[in-house]
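Chains, contacts and geometry: an overview
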Amino acid sequence: MSDAPNDANDIEKLYVYGATLSEAKDKSQNVDDYKSIIEAARTSSIKARQLAAQLIPRFFKFFPGLSGSAVDAHLDLCEAEELGIRVQAIRGLPLFCKDTPEHISKIVDILAQLLIAEENVERDAVHKALLSLLRQDVKASLTALFKHIESVDEPVTDDNLRERTLIFIRDKSLQDVTGAEFKMFMDFLKSLSIFGAKAPTERVQELVEIIEGQADLDAQFSVEDGDHVDRLISCLYMALPFFIRGASSSKFLNYLNKHILPVFDKLPEERKVDLLKNLAESSPYAAPQDSRQILPSVVQLLKKYMPRRKTGEEMNFTYVECMLYTFHHLANKAPNATNSLCGYKIVTGQPSDRLGEDFSEFYKDFTERLSCVEDLTKATMKKLTQGMGQQNKTSTAISDEEKAKIKIQKQNATTGLRTCNNILAMTQPLHAKSPSFIGDKRINLSWNEAIKTVAPANTAGAKRPANAVKGPSNQPNKRGRGGSNQLVDRAFDSHGGRGGSRGGGQGRGRGRQGRVRGYYR
C-alpha cells in the first residue's frame, strides 16, 4: 500500500503527457513528453503500464526517431506478467501500422508469435489485432503469417505455433469473405513457395483443409440453403487441383454421400450438372474405402438417369457421362462392391465378393439400362451428325448474326458428339459379367476437351471462373441453338461454369521467452 501515492503520481503524469500531446498542433516538438510515456512502460505501477500501452501506439507516428525504443517498450508490455497489461498492449499493436503501413509485416510477425498464448482473453486479443491488420493489408499480413507455417530458408521448429497459425488462418481470418475474396486468398496461398509444385503432400493437404473449412463441411446441410450449395460446389471445384497433387478428398466425398446425393433431385437445376462434373473429376483420386462407401449412392443415381426402356422421355446425356465416369473410377478402386450393386461376378477373394448370393436381377436391370442408353446415344449421334451436315450446306449469303449462330450450333453439336462417344466407350465394357473398369485417363471428359479446343479467347478459356454459373458459349445450351432439335438440346443442357457464387455467407501459457524481439533494436 505504501506505493499507492507513487502510482497515483505516475498515472497523473501520464494523463498530463497524453493531454499535452493531444492538444499540441506540432506534436513533434513534445519529444520529452513522449519519452516519458515510453519510460512509464518500465515502472512498477500496473495501471501506469496499462495506460502507457494505450499512449505509446497512439502517438507513435509523430516520433519516427523514437520508433525503436517505443516498440521495444511496448513489447515489454506484451510480455508482462500481468494479464491485463499484456491484453492492453496486444490491442495497441495494430495502431503502430494505422498511419505507418510499412510496419505491418513486423507487427503481424510479432502477433503471430503470440498466438500460442494460453489465456483465452489474451488469444482473443491477438486474433482481433491480426484481423484488423488483415483488413488493412491482406497480402503483407498473410505473407508474414505464413512464415510461421514454413519457411524455405528457416524451417519452422515450433509445431504448436505452426498449428495455431493454421487454425487462425482457417477458422478466423476467412469469416464473412465473399467467393471472390476467398478465391483471391487461395490464389495468393498457391503463389507461396511452401505450397509450390515441390511441396509435400501434407502441405497440399493444409490447403484442402482451408477449403473444407470454407465449405462448411461440419455444418448440417439444408437443400434450401442456396448459399451453402453454391459454396460447397465452388469449394469442391477449387480443391480439385490439390486432389490431383495427393491431398485427400475423403471429407468432401463423405459429405456428398451423406448429405447431397440423397437430395440430388431437390438441388437447383443449374447446380446439378456443376456438382456432377466436380464429382466426376474428383473420382480418380478417391481412396478405395471412400469409393466403396459412395458407390451405392452413385449407382442409385446412375440408374435413375439411365432409362430401362425407351419411353419417349428425354435422357440427360451430360448427367449420364458424369456418372458413368464416376462409376468407372470408383468401381476400379472397389471392384467387388459392384457385385451386390450391379450383379457382377468379380472375384477378389474377400468376403465382400458375396459370390454365394444371387444378384442376377440386378445384372439384368443394369445391362438393360446400358443397352437403352446405347440406343438413345446412337440415335442422338445420328441427329447431331445430320444437323451438322445441314449446317454445312447453309448458303453463305446469310447475315453475320446467322453465321455466329451456326458456329455456336456446330460447337454444341461437336461437344454433344464427344459426350455420346464417351458414353458408348464407358457402357460397352459394363455388359461383361466381370467387367474391367476404366481407371486411367483414356476417357477425356467432353467439357475438358471442348475447353481446350474450341473455347473463344474471351470466354472461359482453359480456366473456368470460380464464380460463374452459366456456361461458356461453346457449351451445349438450349438457348443458343435452333428450334429443330430442341429435345437433343435439352439432353445436353449443361451450365458449365461449375464454380458457384458466394455472396455474403458465413464461412468460418504464454511461452514468450523473448520470442517477439529483434525488429527495431
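In this text, all values refer to a predicted model and were calculated from it rather than measured experimentally.

Considerations on the overall build of the protein
- A tally of helices and strands in the protein yields 22 helices and zero strands.
- Carbon and sulfur atoms form 49% of the exposed surface of the protein, whose accessible area is close to 24,200 Å².

Comments concerning the confidence of the model for the protein
- Confidence along the protein averages 82 in pLDDT terms, with 82% of residues attaining 70 or more.
- Taken element by element, the predicted model of the protein shows its lowest mean pLDDT in helix 22 (residues 486-491) (48) and its highest in helix 17 (residues 317-333) (97).
- This model gives residues 450-488 a pLDDT under 50, and the stretch forms 93 contacts once residues within four places in sequence are excluded.
- Counting contacts from residues 500-521, a segment whose pLDDT is below 50, to residues more than four positions away or on other chains yields 86 contacts.

Focus on the side chain of His228
- Inspection of the secondary structure puts His228 in helix 13 (residues 226-244).
- Ignoring any residue separated from it by four or fewer positions in sequence, one finds His228 in contact with Ala215, Asp216, Ala219, Gln220, Phe221 and Tyr255.

Details of the packing of helix 14 (residues 250-260) against helix 16 (residues 288-305)
- For the pair helix 14 and helix 16, the least separation of the axes is 10 Å and the interaxial angle reads 25°. With respect to each other, helix 14 and helix 16 are oriented roughly parallel. Considering how the two elements wind past one another, helix 14 and helix 16 form a crossing that is left-handed. Where helix 14 abuts helix 16, its residues Ser250, Leu253, Asn254 and Asn257 lie against Asp290, Gln293, Ile294 and Ser297.
- The residue makeup of the contact of helix 14 with helix 16, split by class, is two nonpolar, five polar and one charged.

A short note on the pattern of salt bridges
- In total, this model carries 23 salt bridges according to the counting rule given.
- With its nearest N and O atoms 3.9 Å apart, the salt bridge here joins Arg42 to Asp72. Residue Arg42 is located in the loop between helix 2 (31-40) and helix 3 (46-58), and its partner Asp72 is located in helix 4 (residues 67-78); the two are separated by 30 residues in the primary sequence.
- Under the relative-accessibility criterion, Asp72 is labelled buried at 15%.
- For Arg231, the salt bridge is made with Asp216, and the minimal N-O distance between the two is 2.6 Å.

Concerning the nonpolar core
- Ranked by internal contacts, the top residues of the largest apolar core, which has 144 residues, are Tyr34 and Phe327.
- Residue contributions to this core peak at eleven residues, all from helix 13.
- If we skip the residues at most four places from it in the chain, Tyr34 touches Leu21, Leu55, Ile56, Phe59, Phe60, Phe63, Leu66 and Ala70.

Describing the packing of aromatic side chains
- With the rule as written, the count across this model stands at 15 aromatic pairs.
- The interplanar angle of 90° and the centroid separation of 5.8 Å between the aromatic rings of Phe327 and Phe437 together place this pair among those described as edge-to-face. One end of the pair, Phe327, is in helix 17; the other, Phe437, is in the loop between helix 20 (400-427) and helix 21 (446-453), and 110 residues separate them in sequence.
- Looking at Phe437, the relative accessible area reads 9%, which means it is buried.
- A centroid spacing of 6.2 Å and a plane angle of 90° characterise the contact between Tyr344 and Phe366, whose relative ring orientation is edge-to-face. With Tyr344 in the loop between helix 18 (337-342) and helix 19 (360-392) and Phe366 in helix 19, this pair connects stretches of sequence that are 22 residues apart.

So, how was this worked out
- Residues numbered from 1 in each chain as written.
- Predicted model: local features only at pLDDT ≥ 70, side-chain atom pairs only at ≥ 80, totals over all residues.
- Heavy atoms only, no water.
- Helix = DSSP H or I, 4+ residues; strand = E, 2+ residues; numbered from the N terminus.
- Areas by Shrake-Rupley, 256 points an atom, 1.4 Å probe, with all protein chains shown as cover.
- pLDDT = per-residue confidence, 0-100.
- Contact = heavy atoms within 4.5 Å.
- Axes fitted to C-alpha atoms, helices over the stretch in contact; angles between N-to-C directions.
- Parallel < 35°, antiparallel > 145°, perpendicular 65-115°, else oblique.
- Left-handed = near helix turned anticlockwise from the far one by under 90°.
- Nonpolar A, V, L, I, M, F, W, Y, C, P; charged D, E, K, R; others polar.
- Salt bridge = Lys/Arg side-chain N within 4 Å of Asp/Glu carboxyl O.
- Buried < 20%, exposed > 50% of the residue type's maximum accessible area, 1.4 Å probe, protein only.
- Core = buried A, V, L, I, M, F, W, Y, C linked by side-chain atoms within 4.5 Å.
- Phe/Tyr/Trp six-rings, centres within 6.5 Å; stacked < 30°, edge-to-face > 60°.

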